[in-house]
Amino acid sequence: MSSAPTIRSSQPPSTERDLAALYQAVERLFGAVDAASMMEICENMLGNLGIHGRLRWRRLDEQPTRLPSSQVDLAEDPQGTRMLTLETAELPLPDDVREQLAWLGRLAGTRLHQLAETSRLYEAISRLALAERLQRALYAIAEQAGSGHNMPEMMHSLHGIVGSLMYAENFYIVLYDSATDTVRFPYYVDIADNDPPPPDQDLPLHDMLHSLTWNLLREGRPLMGSIDELRQQFGERFVLVGPSCEHWLGVPLLRGERVAGGIVVQSYRADTHYSKHDMELLNYVAQHVQTALERHEAHIELGRRVTDRTAALREANRVLRQQVLQRQRGERLQAALFRIAELANTSESLEKFYASMHQVISGLLYARNFYIALVDEESGHLTFPYSVDDVDSVRPPRAHGRGLTEYVLRHAKPLLADSEELDHLVAMGEISHFGARSVCWLGVPLIWGGKSMGVMALQSYSPEHTYNERDQELLTFVSYHIANALQRKQAAASLRQAYAGLERRVTERTRALALANRDLREQIAERERVERRLKYETLHDSLTGLPNRTLLLQRLEQSMQRCAANPSEQFAVLFIDLDRFKVINDSVGHLVGDDLLFQVGGRIRACLKTRDVVARLGGDEFAVLLEGISDTGKATLIAERIINELQTPFRLGTKEIFTSASIGIALSSPHYRQPEELLRDADAAMYNAKDGGRHRAALFDDRLRREALSLLDMESDLRHALSRNEFEPFYQPIVELADGRVVGYEALLRWHHPERGLLAPHDFLLIAEECGCAEAIDWQIFEQVCTQAVRLIGTEGFISINVSGRHFRSADLDQRLLALFEQYAVPTHCIRIEVTEHALLENPTQVKQMLKNLRSHGIRVALDDFGTGYSSLSYLHQYPFETLKIDRSFIIELPQGDEETQGLALVRAIQVLADSLQMKVIAEGIEKESQRQALLRVGCRYGQGFLFAEPQPARTWLGKNNSLLPA
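What counts, and at which threshold
- Residues numbered from 1 in each chain as written.
- Predicted model: local features only at pLDDT ≥ 70, side-chain atom pairs only at ≥ 80, totals over all residues.
- Heavy atoms only, no water.
- Helix = DSSP H or I, 4+ residues; strand = E, 2+ residues; numbered from the N terminus.
- Rg over C-alpha atoms; globule rule 2.2 N^0.38 Å.
- Buried < 20%, exposed > 50% of the residue type's maximum accessible area, 1.4 Å probe, protein only.
- Contact = heavy atoms within 4.5 Å.
- Areas by Shrake-Rupley, 256 points an atom, 1.4 Å probe, with all protein chains shown as cover.
- Lys, Arg positive; Asp, Glu negative; His and termini not counted.
- Charge placed at Lys NZ, Arg CZ, Asp CG, Glu CD.
- Polar contact = N/O pair within 3.5 Å; in protein donor to acceptor, adjacent residues only side chain to side chain.
- Patch = residues over 30% accessible without salt bridge, like charges linked within 9 Å, V, L, I, M, F, W, Y side chains within 5 Å.
- Salt bridge = Lys/Arg side-chain N within 4 Å of Asp/Glu carboxyl O.
- pLDDT = per-residue confidence, 0-100.
- Pairing = 2+ DSSP bridges.
- Axes fitted to C-alpha atoms, helices over the stretch in contact; angles between N-to-C directions.
- Parallel < 35°, antiparallel > 145°, perpendicular 65-115°, else oblique.
- Nonpolar A, V, L, I, M, F, W, Y, C, P; charged D, E, K, R; others polar.
- Expected span 1.5 Å × (residues − 1).
- Arc of directions from axis to C-beta.
- Core = buried A, V, L, I, M, F, W, Y, C linked by side-chain atoms within 4.5 Å.
- Right-handed = clockwise from strand over helix to strand, strands pointing away.
- Phe/Tyr/Trp six-rings, centres within 6.5 Å; stacked < 30°, edge-to-face > 60°.
- Lys NZ or Arg CZ within 6 Å of the ring centre and 35° of its normal.

**A look at the overall build of the protein chain**
- Within the protein chain, the secondary structure is distributed over 26 helices and 30 strands.
- Computed over C-alpha atoms, the radius of gyration of the protein chain comes to 58 Å, more than 25% over the 30 Å expected from 2.2 N^0.38 for 967 residues, which places it beyond the range of a compact globule.
- Across its three principal directions, the C-alpha atoms of the protein chain cover 160 × 140 × 70 Å.
- Taken across its 967 residues, the protein chain has 43% of its residues classed as buried.
- Pairs at least 24 apart in sequence give 63% of the contacts found in the protein chain among residues at least 6 apart.
- In the form shown here, the protein chain has an accessible surface area of approximately 52100 Å², with 52% of it arising from carbon and sulfur atoms.
- Here the protein chain contributes 106 positively and 131 negatively charged side chains, and the mean placements of these two sets differ by 7 Å.

Here it is as structure tokens:
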């Protein structure tokens, strides 16, 4: 890079002296350390070449201030957007001067490129050195996380690591616990703070409110600057805690998205400030420090858990050793019990049994002196069938006395006695001595049949061998099994005596059982016949003898399984319902009806193949299972055949009966999972056939399925809508026809369906009535009307609510309405209820009483849709009506002009009738101005309809102009 370029022969040295000076200048040029010194050398070279002018750096985007010929660009600096330019007044420049300047520009451009490359290499080396320091620091942090150092040593090491990357003479780490809102300073080094926080104490974060540490933890982002800069940044949320520093840098420790603490360095020196690079570096290091802290805490926690687990395992090992000892004792005891049970079954004589028993007990306890005493049931004496003793070798039978054996027999409980206890019992008179006196005596009763029948005793004559409570429990436990073994031994002797008598009785009993067995076989045969009959009756209809619903469902399930295994085995289900069967039954009687059903079943059976099934489901409903049906045409053909066959008149006694049938058809499909689903769809298709005019067959298709699913969805949506309050009253104004002034509103039901939008009552009310939701919907609307009434009409107007006939089935309807109005403080004179003529038919006495009660409390009553029902004039004076509402069907028929029509005459008659009864008339469905004019001519004062306004929510009418007369 420092070598000089070759000077071609065209270059302009004129003399050897000039050539040497020029060569030295070129050497200095390629030794220049920066662009400024290079430009100075270029100026000297220009002087040596005899070129006059001034060198300067021109920015590439600079607009020329002189003529272009007055400046010459020599070389571009790659490190900046500037150009080395010569400004000269010698115009024009000779060609040889231009060649010299071009030569000098090439030299200067080469050196500038060399300087740029050298600067880039130095920067790369600096970044590499910084990255290497950062990597070593991260390795050191990771090493600290896995080391066995305690927390203070680890914190001191982390301080040193951070200090190797930046100025960190004043350094502290704060840890934050969000659960308790406390902080702890596990490491704190500050040359100016004389009162550092204790490292092992949790401090409430609120105590350092608005401090720099508080802001760092609350902000959760790096903070840097001088005290004045930070105070300006946080404003009122800044409070200086501790000594004031020159510059402050803090970064958070993050655990995921949560702040777990922070690392802070600060400088008290005016010449030491932190840069953005320091902040990025410390923020990067902080995340590795957080990982190291978590790993170190996990390492400490793991050590604690290992210690706890070791202690637990040590305790478990101790318990296990005890359990092993208990298990070994238990195994010895189990082996002894097995041996006792084996001896009870294998010993040839009682003497050998007793001796073997003594040997078994010797394996469990010290039994050098052992005896068994039994009570002779015949004589009542105490006998000793087995006795081994170092002192009393012979124990003859004796009558009951006051010995230790008799003591255990009397109390029927074990006795463990040493010399002192024996003396105490003697002193109390409970026992007297029999035989040699022992140092320790242990006896347990042998109990069977609920009585104490003997005693098993151990005794020791030496202080070296004594018994304790554990030995007593062991011997007591063994005594139960020995008693059972003795009982079995004694029972075996009695059993042998009973065998002879048993053989004789068995022979006699066998003869009697042979006779009883013959009778039993006859009874079994009869029972099987009855069971077959009951099974047949369970699966068949008692009237027609056809299969019933249960058998049909079984056959349907079998067909569905065959179809699932082999899709080619399709089938169909026909659901048959006789038309007008109730009329036949009511007219000719049930006996004739039963005979008709019997013959109908026979005719249906005659239309089918042998493998097909026809079943009576109940009443006049039949079902048919058609096997081998691959398309709808076959099923429809058979259904039409059945319809034609049933159309032929039936001869029942002296009467000739005509009937017909409606049939629903459902074809097998993979989506069916239960046989009841097929019957359900066939039933739905049958009702579709009846709706289509009866005496026909209908196929269940996707349309019916969609309608059924839509019906179910609508029922479900209605119930959810009630719980979510999706119903809202819309109000249509009732106006004075003359001037359009609003006198009241009619509340109309609307449903805000979440998917289908705003629905009117005709879209869902029929379904709501079928599923029993209609009344609950009405009451929800009534309650909303009460909450909005006063704001909507004040105390002058009125609101009409529609009360359907369903509500009048409740005897307390009037009381509930009055309680509702009272609850929401609605004046009763502001409410008008509208009823239809249909509501008056079901229970006229009860309806009349309710309406009169409501009218007596100030609630006005309107007869809705007047003229569309029976329109009995008796209603008008029997019921307390205040208003008649003319149905829109009459309003549509009103003339366009002044001519007289029948529709106008009917409306005039209703108006005259109402005037004579002093009732108001409201015309519904007014949509044209001509209709309003016609109504005014006949004297009608009030009306409602789209001509004035469509139904809208309450918020639409609040604050509106009171006049709705069209312009």
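**Quick word on the environment of D77**
- Within the secondary structure, D77 sits in strand β2 (residues 71–77).
- Exposure remark for D77: the relative accessible area of 3% places this residue in the buried category.
- The contact partners of D77, leaving out residues within four places of it in the chain, are W57, R82 and L112.
- Within polar-contact distance, the side chain of D77 engages the side chain of R82 at 3.0 Å.

**Looking at a nonpolar patch on the surface**
- Together, L495, Y499, L502 and V506 line one region of the surface with nonpolar side chains, adding up to about 350 Å² of accessible area.
- Relative to the assigned elements, L495 resides in helix α11 (residues 469–539).
- Given a relative accessible area of 42%, L495 falls into the partly exposed group.

**Describing the confidence of the model for the protein chain**
- Across the protein chain, the average pLDDT comes to 83, with 92% of residues at or above 70.
- In this model, residues 1–14 is a region of pLDDT below 50 whose contacts with residues beyond four sequence positions or in other chains number 20 contacts.

**Observations regarding unusual backbone geometry**
- Backbone geometry places R694, a non-glycine residue, at a positive phi of 65 degrees.
- As for its position among the elements, R694 is in the loop between α16 (675–691) and β21 (697–699).
- Despite not being glycine, Q918 shows a phi value in the positive range, around 60 degrees.
- On the secondary structure map, Q918 appears in the loop between α24 (902–916) and β29 (920–923).

**A look at the sheet that holds strand β3 (residues 82–87)**
- Read across the open sheet, the three strands follow the order β1-β3-β2; overall the sheet is antiparallel. At either margin of the open sheet sits one strand with a lone partner, and together these are β1 (54–59) and β2. Here the strands of the sheet are splayed against their neighbours by 30 degrees on average, with no regard to which way each runs.
- Judged from the six bridges that link them, β1 and β3 form a sheet pairing that is antiparallel. Opposite R54, over in β3, you have E87 as the bridge partner.
- Docked against the sheet, helix α2 (residues 35–49) engages β1 and β3, running at close to 140 degrees with respect to β1.

**Some remarks on the packing of helix α12 (residues 549–565) against α16**
- Contact geometry for α12 and α16: axes closest at 8 Å, N-to-C directions at 110 degrees. Considering their axes alone, α12 and α16 lie roughly perpendicular with respect to each other. For the pair formed by α12 and α16, the contact residues are R549, L552, L553, L556, E557 and M560 on the first element and P675, E676, L678 and L679 on the second.
- For the contact of α12 with α16, the per-class residue count stands at seven nonpolar, no polar and three charged.

**Regarding helix α15 (residues 632–647)**
- For α15, spanning 16 residues, the distance from its first C-alpha to its last is 22 Å, which sits close to the expected 22 Å at 1.5 Å a residue.
- Along α15, the residues that are buried comprise A635, I638, A639, I642, I643 and L646. End-on, the buried residues of α15 take up no more than an arc of 140 degrees, which puts them together on one face.
- Considering only its buried residues, α15 is in contact with β15 (571–579), α14 (590–606), β17 (621–627), β18 (650–652), β20 (660–667) and β21.

**As for the nonpolar core**
- Core analysis: the largest hydrophobic core is formed by 79 residues, its most contacted members being L718, F727 and F881.
- Per-element accounting of this core gives the leading share, ten residues, to helix α19 (residues 774–793).
- Filtering out sequence-adjacent residues up to four positions away, F727 remains in contact with L718, A721, L722, L749, R750, W751, F764, I777, Q780, I781 and Q784.

**Focus: the side chain of H358**
- Position of H358 among the secondary structure elements: in helix α8 (residues 350–362).
- Once residues lying within four places of it in the same chain are set aside, the contact partners of H358 are A367, F370, Y386 and V388.

**Regarding the pairing of β20**
- The buried fraction of β20 is high, at seven of eight residues.
- The pairing of β15 with β20 spans eight bridges and is classified as antiparallel. Across the sheet, L578 pairs through a bridge with A661, a residue of β20.
- Here β20 runs beside β21; their pairing, made up of three bridges, is parallel. Following the sheet pairing, I663 is matched in β21 by A697.
- The parallel pair β20 and β21 is bridged by α16, and the resulting crossover is left-handed.

**Observations regarding the side chain of T659**
- Note that T659 resides in the loop between β19 (655–657) and β20.
- Overall, T659 belongs to the buried group, its relative accessible area being 6%.
- At 3.4 Å, the side chain of T659 and the backbone oxygen of D579 are in polar contact.
- Residues within four places of T659 in sequence aside, it is in contact with L578, D579, I584, L646, Q647 and F650.

**Digging into the sheet that holds β21**
- The sheet built from five strands is open, its strands ordered β16-β17-β15-β20-β21 with mixed pairing. With partners counted over all chains shown, the strands left at the sheet margins are β16 (613–618) and β21, one partner each. Taking the axes of each pair of neighbouring strands and ignoring which way they run, one obtains an average angle of 20 degrees across the sheet.
- Packing of α14 onto the sheet brings it into contact with β15, β16 and β17, and relative to β17 it is tilted by some 15 degrees.

**A few points about the packing of aromatic side chains**
- By the definition in use, this model includes 14 aromatic pairs.
- Plain terms: the ring middles of F727 and F764 are 5.9 Å apart, the flat faces sit at 45 degrees to each other, and that makes the pair tilted. Of this pair, F727 sits in strand β22 (residues 727–736) while F764 is found in the loop between β24 (757–759) and α18 (765–770), placing the two residues 37 residues apart along the sequence.
- Here W751 and F764 contribute two aromatic rings whose centre-to-centre distance is 5.2 Å and whose plane-to-plane angle is 80 degrees, an arrangement assigned as edge-to-face. On the criterion of sequence distance, the pair formed by W751 in strand β23 (residues 742–753) and F764 in the loop between β24 and α18 is long-range, its members being 13 residues apart.
- We classify F764 as buried; its relative accessible area is 0%.
- An aromatic cluster is present here, built from Y172, F185 and Y188 joined pairwise through their rings.
- Looking at R82, its charged tip hangs above the ring of W57, at a distance of 4.0 Å from the centre.
- One residue, R603, lies across the ring of F650, its end atom 3.5 Å from the ring centre.

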